[in-house]
Amino acid sequence: MSSPIWHNRRTLLMGLAGAGLVSACGTVASTPADSFAQPDEYRLGPGDQLRVTVFNEAELTGQYVVGSQGTISYPLVGTIEASGLTVAEFSERLQTALSEFIRQPNVSVEVANYRPFFILGEVQRPGTYPYSASLTVLNAVATAGGFTYRANRGRVFIRHANEAEERSYPLSIATPVMPGDTIRIGERLF
């Protein structure tokens, strides 16, 4: 049978340990990797493949790729700007353009395939890979065959599709990758 003093110490230690875990959980949410800014809504860009559906207009329904100029060529309308727009904004713009030719067009747009991401540096197979939803840097490294033995596993350099310079981020399981990003895994110092 344990003494009341031992029981009180154990209860106190368990309470402190629990409080430590709770505070540790609170600090995990505020790590620098989580402060990595993700856009609120996805913006279209060159290389995105769109599935456009126009209700009751089979000849206007199909898949279209956003070209290097940020536009798509669409029947009846011609060239229409897509780059920098959200899917909803593009859908509205296309619906407005089609309303000149069709009475009350009902347009639905979705991203069929996102533009690829690029990974280089200290990975086994650097190159271009297809983007998938909720992709993180560690998933991207795994897709590229894993780290080389010289890889710096603490930092990653990412240049986003709409930026001119790369930024350094802590490499963690939560560091996200967006379509069109260029990821560089640096070399460790020793």
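Just so we're clear, the structure is a prediction, and the values are computed from it rather than from any experiment.

A. Local environment of the pattern of salt bridges. All chains considered together, the criterion is met by 7 salt bridges. R43 serves as the salt-bridge partner of E89, at 2.9 Å between the closest nitrogen and oxygen. Of this pair, E89 sits in helix α2 (residues 87-98) while R43 is found in the loop between α1 (4-28) and β1 (49-54), placing the two residues 46 residues apart along the sequence. Judged by its relative accessible area of 36%, E89 falls in the partly exposed class. Between R167 and E163 there is a salt bridge whose closest N-O contact spans 3.0 Å. By relative accessible area, E163 is classed as partly exposed at 23%.

B. Highlighting the packing of aromatic side chains. For the coordinates displayed, the defined rule picks out 4 aromatic pairs. Aromatic pair Y114 and Y131: ring centres 5.3 Å apart, planes at 75°, arrangement edge-to-face. You can see Y114 sitting in the loop between β5 (107-113) and β6 (117-121) and its partner Y131 sitting in the loop between β7 (127-129) and α3 (137-143), a full 17 residues away along the chain. Here a set of aromatic residues connected by ring pairs shows up, and it is made of Y42, Y114 and Y131. If you follow R184 out to its NZ or CZ, it ends over the ring of F157, 4.2 Å from the centre.

C. Quick look at the pairing of β1. Inspection of the sheet shows β1 paired to strand β2 (residues 62-65) by 4 bridges, in the antiparallel sense. Opposite V52, over in β2, you have G62 as the bridge partner. Sheet topology note: the β1/β5 ladder contains 6 bridges and is antiparallel. Of the residues in β5, the one forming a bridge with R51 is E110.

D. Up close: the environment of F157. Here F157 shows up in strand β8 (residues 155-159). Residue classification places F157 among the partly exposed residues on the basis of a relative accessible area of 21%. As for F157 and I183, which are separated by 26 residues in sequence, their C-alpha atoms are 5.8 Å apart. What F157 contacts, discounting residues up to four positions off in sequence, is E166, R167, S168, T182, I183, R184 and G186.

Cut-offs and rules
Numbering of residues starts from 1 in every chain and runs along the sequence as written. Selection of residues for local features in this predicted model requires a pLDDT of at least 70, selection of side-chain atom pairs for listing and counting requires 80 or more, and totals for whole chains, interfaces and linings are taken over all residues. No hydrogens and no water enter the side-chain calculation; it runs on all heavy atoms of the structure. We define a salt bridge as a contact between a side-chain nitrogen of Lys or Arg and a carboxyl oxygen of Asp or Glu at a distance within 4 Å. Helix and strand definitions here come from DSSP, where helices need a minimum of 4 consecutive H or I residues and strands a minimum of 2 consecutive E residues; each element is numbered from the N-terminal end. Relative accessibility thresholds used throughout: buried, under 20% of the residue-type maximum; exposed, over 50%; partly exposed, between the two (1.4 Å probe, protein chains only). Between rings of Phe, Tyr and Trp, where Trp is taken as its six-membered ring, a pair exists when centres lie within 6.5 Å; planes separated by under 30 degrees are stacked, by over 60 edge-to-face, and by other angles tilted. Criterion for a charge above a ring: Lys NZ or Arg CZ within 6 Å of the ring centre, and within 35 degrees of the ring normal. Strands qualify as paired when DSSP identifies two bridges or more between them. Here, two residues are considered to be in contact whenever any of their heavy atoms come within 4.5 Å of each other.

Without other data, these values stay purely geometric and don't point to any function.
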